[in-house]
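# Summary of structural features
Residue-level listing of the chains:
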Amino acid sequence: MRRGGAFARQVLLVRVARRDDERGGTTATVLRPEHRYPGESRAPFRSRYGFDRLTEAEIESVAPVSPALGPITPVDDVSPSMAIPLLPGERTLGRRFKFALVNGCTLASLTLGMLAIFLAMRGDERTAAFCLIACVVFDGLDGALARKLGVASPFGAQMDSLADMCSFGLAAPVVVYASLSGSVSTPAAAVACALVAACAAIRLARFNVSPKDGRFFCGVPTTMAAAVLALVVLIGLPVPGTVQVAGVGLLAFAMVSSFPYAKLARLVKLPPWVWLAPVIGALVDVRLTFALLVVGYLASGPLLWWRQRGTI
């Protein structure tokens, strides 16, 4: 308002002065602005309202101050003591070693995922698929060790999620793309693999913020999807490339679906006779048995969802 034009000052300017009254107190004298004709000079206006005698401190003393905005403390001024520790609880040498061991498994999964990308770029898809299988092993090992050794932490959970995105959200589709090159059109393979990466990112982000269910996954986990893709490359299913691209897209959508899928711990606890058929089938034709197991697991999600709704 101080830097406004003459018209704004003429309309809005209020001068506050103090004078002693007969009782020794003070009263405020408010001078209302008068109309100034266009031909009137600026000097009488300043002298009439005493504008030349107003200092910047006097003007700021009557300037309105918004009570809605409080002082803002910069992020850099936050005390270091408020930082969240990477390892909650007692920080002894033994616990630090266990913490480093668990996160070392996570970093091993991340490194193997990068190696799988490099191998796929060189055309060695089978070795890259073996690296993906090793990523799956280390991914399961770090969580199991963290719970067993009592060093689970939010930092470790975020590290595991980032490593999964690199190994299963990026490395797996790159290996699949390298294996599909030559058998299908490049745009189709690129779209299917990009879909896997996008759905893996959505799946991991949703998993981090969603409540956990001890019995079922919400959608196919990225670890299992990457293991299926790696085994497909290793086994080499004798199906057309178009069917493989469709299967990759279906697996990507299954990751972000809301269908309940049983966790591996529940599958392992099934009666031994249930596993007899897959074992015999693997001895007869491992490719057909693997394909049937994958299709059966993908179909189990919609069936469980339908059963929970009470429609069957």
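Here, the structure is the one placed above.
So, here is what we can say about the structure in this document.

Rules used throughout
Think of each chain on its own: its residues are numbered from 1, step by step along the sequence as written. Predicted model: local features are reported for residues with pLDDT of at least 70 only, side-chain atom pairs are reported and counted for 80 or more only, and whole-chain, interface and lining totals are derived from all residues. Here the side-chain values reflect all heavy atoms present in the structure, with hydrogen atoms and water set aside. Put simply, DSSP marks the helices as runs of H or I at least four residues long and the strands as runs of E at least two long, and each gets a number from the N terminus on. Residue exposure (1.4 Å probe, protein chains only): buried if accessible area is under 20% of the type maximum, exposed if over 50%, otherwise partly exposed. The contact criterion used is simple: two residues touch if any of their non-hydrogen atoms lie within 4.5 Å. To measure how exposed things are, a 1.4 Å probe is used in the Shrake-Rupley method; for residues, cover is taken only from the protein chains shown. For Phe, Tyr and Trp, where Trp contributes only its six-membered ring, two rings pair if their centres lie within 6.5 Å, and the inter-plane angle classes them as stacked under 30 degrees, edge-to-face over 60, or tilted in between. Counting as a charge over the ring demands two things of the Lys NZ or Arg CZ atom: a distance within 6 Å of the ring centre and an angle within 35 degrees of the ring normal. For helices, the fitted axis covers only the stretch in contact; all axes are lines through C-alpha atoms, and the angles between them, taken along N-to-C directions, range from 0 to 180 degrees. Here roughly perpendicular refers to angles of 65 to 115 degrees, roughly parallel to angles under 35, roughly antiparallel to angles over 145, and oblique to all remaining angles. Left-handed describes a crossing whose near helix is turned anticlockwise from the far helix through less than a right angle; right-handed describes the clockwise counterpart. Basically, the charged four are Asp, Glu, Lys and Arg, the nonpolar ten are Ala, Val, Leu, Ile, Met, Phe, Trp, Tyr, Cys and Pro, and anything else, Gly included, counts as polar.

Right, let's talk about the overall build of the chain for a bit. When helices and strands are counted, the chain shows 12 helices and 4 strands. Split into buried and exposed, the 312 residues of the chain put 31% on the buried side. Sequence-distant contacts in the chain: of pairs separated by 6 or more residues, those separated by 24 or more amount to 72%. As presented, the chain carries roughly 20000 Å² of accessible surface, and 67% of it is formed by carbon and sulfur atoms.

Let's shift gears to the packing of aromatic side chains. This structure, assessed with the given rule, holds 3 aromatic pairs. For the ring pair Phe-99 and Phe-155, a centre distance of 6.0 Å and an interplane angle of 40° mean the geometry is tilted. Of the two residues, Phe-99 sits in helix 4 (residues 93-121) while Phe-155 sits in helix 6 (residues 154-180), which places them 56 residues apart along the sequence. Residue Phe-99 is classed as buried on the basis of its relative accessible area of 13%. Judged by relative accessible area, Phe-155 falls into the partly exposed class, the value being 31%. Between Phe-259 and Trp-305 the ring centres are 5.8 Å apart and the planes differ by 65°, which places this aromatic pair in the edge-to-face class. Note that Phe-259 is positioned in the loop between helix 9 (241-255) and strand 4 (260-262) and Trp-305 in helix 12 (residues 286-308), a separation of 46 residues in sequence. Owing to a relative accessible area of 27%, Phe-259 belongs among the partly exposed residues under this scheme. Look at Trp-305 and you get partly exposed, because its relative accessible area is 37%. Lying over the aromatic face of Phe-217, Lys-263 brings its terminal NZ or CZ to 5.2 Å of the ring centre.

Packing of helix 6 against helix 8 (residues 222-235) brings their axes to within 10 Å, and their N-to-C directions diverge by 20°. Classified by the angle their axes make, helix 6 and helix 8 are roughly parallel. As for the relative orientation of helix 6 and helix 8, their crossing is left-handed in sense. Two secondary-structure elements touch here, helix 6 through Phe-168, Ala-172, Val-175, Val-176 and Ser-179 and helix 8 through Thr-222, Thr-223, Ala-226, Leu-229 and Val-233. A breakdown of the residues in the contact of helix 6 with helix 8 according to their chemical character gives 7 nonpolar, 3 polar and no charged.

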